[in-house]
Amino acid sequence: MPLVRTAAGSVLALMLCATAQAQSDVVDGTGRTIRPPARVERVYAAGPPASLLVYAIAPDKLLGWTRALRPREAQFFDARAAALPELGRLTGRGNTANVEVVLGAKADLIVDVGFIAGTYTSLAERVQVQTGIPYALFDGRLEVTPATLRALGRLMGDRAAAEALAEWFESELAEIRRRVARVAPEERPAAYYGRGPAGLQTGGRGSINLEVLELLGAENVAAEARAGLVTVSPEQLLLWNPQVILTTDPNFWRRAWDDPLWKAVDAVAQRRLYLSPHLPFGWFDFPPGPNRLLGAWWAGRLLYPKAFGDVELAQKVIEFHRRIYHRAPSLAQLEALLGEPGVLGPR
Amino acid sequence: MSARSFAYLATAAVLLALVALAFAVGRYPISLGELATVLASFVVDSPHDLAPNVETIVLQVRGPRVLAALLVGAALAGAGTAYQGMFRNPLVSPDILGVSTGAALGAVLAIFLSLGVLGIQLFAFAGGLAAVGMVYSVGSRLRGHDPLLALVLTGVVLGTLLGSAIALLKYLADPYNQLPAITFWLLGSLAAIAPGDLAIAAPFALAGLVPLLLLRWRMNLLALPDDEARALGVNTRRLRAIVVAAATLMTAAAVALSGIIGWVGLLVPHAARLLVGPDFGRLLPLAMLIGAAFLLAVDLLCRTLATIEIPPGVLTSLVGTPVFLWLFAVSRRTW
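If you're wondering where the values come from, they're calculated on a predicted model, not measured in any experiment.

A. Seen up close, helix H2 (residues 48-57) of chain A. All names here are of chain A. With respect to burial, H2 is a largely interior element, ten of its ten residues being buried. By the burial criterion, the buried members of H2 are Pro48, Pro49, Ala50, Ser51, Leu52, Leu53, Val54, Tyr55, Ala56 and Ile57. Next to the buried residues of H2 lie strand S3 (43-45), helix H4 (79-82), strand S4 (109-114), helix H7 (145-156), helix H8 (159-181) and helix H15 (313-325).

B. Spatial organisation of the domain arrangement of chain A. All names here are of chain A. The domain boundaries assigned to chain A delineate domain 1 (24-174) and domain 2 (184-339). Using only C-alpha atoms to locate each centre, domain 1 and domain 2 end up separated by 27 Å. Counting residues at the interface gives 23 residues for domain 1, matched by 20 residues for domain 2. Of all the elements in the fold, those that place two or more residues in the side of domain 1 that touches domain 2 are H2, helix H3 (71-74), S4 and H8. Of the residues in the side of domain 1 that touches domain 2, the class split is 13 nonpolar, four polar and six charged.

C. The arrangement of the sheet that holds strand S10 (residues 244-247) of chain A in detail. Residue and element names in this part refer to chain A. The four strands are arranged S8-S6-S10-S11 in an open sheet whose pairing can be described as parallel. Edge positions in the open sheet fall to strand S8 (219-220) and strand S11 (273-275), since each of these has one partner strand only. Pairing between strand S6 (residues 190-194) and S8: two bridges, direction parallel. Within the sheet, the bridge partner assigned to Ala190 lies in S8 and is Glu219.

D. A look at the pairing of S4 of chain A. Residues and elements named next belong to chain A. With six of its six residues buried, S4 lies for the most part within the structure. Going residue by residue along S4, you find Leu109, Val111 and Val113 tucked away on one face and Ile110, Asp112 and Gly114 tucked away on the opposite face as well. As judged from the three bridges shared by S3 and S4, these two strands associate in the parallel manner. For Val43, the partnering residue across the bridge sits in S4 and is Leu109. Bridge count between S4 and strand S5 (residues 135-139): five bridges; the pairing is parallel.

E. Inspection of the nonpolar core at higher detail. Counting residues in hydrophobic clusters, the biggest one holds 202 residues, and the most contacted among them are Ile110 and Val111 of chain A together with Ala75 and Ala253 of chain B. The biggest single contributor to this core is helix H3 (residues 52-86) of chain B, with 18 residues. Shared between two domains, this core takes at least three residues from each, and those domains are domain 1 (24-174) and domain 2 (184-339) of chain A. Apart from residues lying up to four places away in sequence, Ala253 of chain B is in contact with Ala75, Phe125, Ala201, Phe204 and Ala205 of chain B.

F. Layout of the sheet that holds S3 of chain A. Residues and elements named next belong to chain A. What the three strands build is an open sheet, ordered S3-S4-S5; its pairing is parallel. Edge positions in the open sheet fall to S3 and S5, since each of these has one partner strand only. When strand polarity is set aside, the average angle formed by the axes of neighbouring strands in this sheet is 25°. Each of S3 and S4 touches H2; the most contacted strand, S4, lies at about 120° to it.

G. Region of interest: the interface of chain A and chain B. Contact with chain A, which involves 30 residues of that partner, is made by 29 residues of chain B. Sorting the residues of the side of chain A that touches chain B by element identifies strand S9 (229-231), helix H10 (234-240), helix H11 (250-256) and helix H12 (260-263) of chain A as the ones contributing at least two each. The element best represented in the side of chain A that touches chain B is H10 of chain A, accounting for five residues.

Cut-offs applied
Residues numbered from 1 in each chain as written. Chains lettered and ligands numbered in written order. Predicted model: local features only at pLDDT ≥ 70, side-chain atom pairs only at ≥ 80, totals over all residues. Buried ≥ 20, exposed ≤ 12 C-beta atoms within 10 Å, placed from the backbone. Helix = DSSP H or I, 4+ residues; strand = E, 2+ residues; numbered from the N terminus. Contact = placed C-beta atoms within 7 Å. Domains from an automatic or database assignment. Nonpolar A, V, L, I, M, F, W, Y, C, P; charged D, E, K, R; others polar. Pairing = 2+ DSSP bridges. Core = buried A, V, L, I, M, F, W, Y, C linked by C-beta atoms within 7 Å. Axes fitted to C-alpha atoms, helices over the stretch in contact; angles between N-to-C directions.

So this is what it looks like as structure tokens:
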């Protein structure tokens, strides 16, 4: 059967061909094989978590931010990064980017980091087909960040820089886990993360919003609620009676001290209600990027004063900024970050 | 006893039973004895030796929430009844003139500007009033049409515009932080009601509710064509303006408190009409009672069924859709 033989031969040839080029191929977080161009100089990041990782690996390759940096955010970056244009979100909740803008920016590679569920994978595939630009999508969970950094390094042709970052990130995660392992179960306070202006939105086990708490092995009082964001009733909250409350909402933080309901909660009565720093990117919850590593150090200190007591938070901030934002904060900036009311103490 | 007074008595009894149940049941277990002690000591201002949390639950959490459910339910049902009668249309709900959409735009703007709870409530209230003010002033200037039709059409058109403004703000909002807050507000909830919120909203709601109740006998005339009413010596234009103002005031106050809760203002007037007929004098108070009882029951389920809160709008539409269809099937009354 010559025909069959020919067909088998071409399949074999194709497979050989594929192996020959496989060295430059990178498998992204969704299992799709991405073939980057020989030189990647211009990267379009589809959302804030991707922007931060691309910027951390190769600041000069980032084409722009999802949303232009506001002055209070830009003060932590050098002039070039501060002036990068606003390009919009490409996928995720609502597309604000115009595909023509992405094409006009002459991107060599599109990167998104976040959810990798089917919707997002198919969107990535569609944009890749439509634009002809390779589109890599990675899982945004904090603990897979080192792997994402390495894959991005291979895609962007910056293996060494990415490897250094990945090793550092890994050692930070490992040190956090080591410290957490020293905390006995009975020393872990009942913790609650309150979002929204009334502080009544939270998430259960598996929520991307509470990944920091999960990394810290904290006793999330709302663990049984569903993953994702939910509203809880004040009665349920009093029933849980958390001993530590973390929030990202300054309005809620200010209001809770004088609110009879919140005053009845142990955490507020014992003045253990803390407000997460939010500059240049949020520490605790959003955007769901590498920025949350600082949130883990911060929350670790607040939840487990003994196991994290000797952590120099200021040093952690300096190192993080130097590696991810490529610029150490000034003393005044550091004081503003850590000295903001609520970050480390009540007022 | 006439069927009508029986309907009143039965509704009032159900309402009282629901209030008692709502005070007694919740995520936080409180015994009837503790409840009685707290309420008694609140009324006569005597000390008690219960855990402070029990008092906090009853007076700061559950009590205000029960009152808010009653107020919001009564306000939405009352406004819906008034509008259904005034517009002579069974499909009209309190937001026909854009009050809910305007309030939603105000609230969304406040969240977009990162304001606190009080700011969100005030923006919502002001947004509701402004939207209806706009609709009314534009609609009543459109000459050469039936005045009611002009109002409704202006409401629909401006409502669409406001809806687009909401969509634009959602689009521009931070997707990780503000967008969830906006979504939760638009879903509606009575979870975060504090006594202070109630103290601000209640006077405005009552400022709409009371005049409406006082004028309820005259409101029958609004169902007549304008010239007939005028022949009876009634200034329909002024009466209509008062009704719109009152209904708007109470709906805006309700929405500012609870966010958007659909179906109450559409469904309850039909249920009340089925019981006592279309005469406003009898209809309006009953609709308010049923509205209060309905929302109280819905909210009771929302806060007790699960560890997390269930959005009341989801439950009202689950109940509302089949009941509305059933009411339509069984009612033969014209209106």
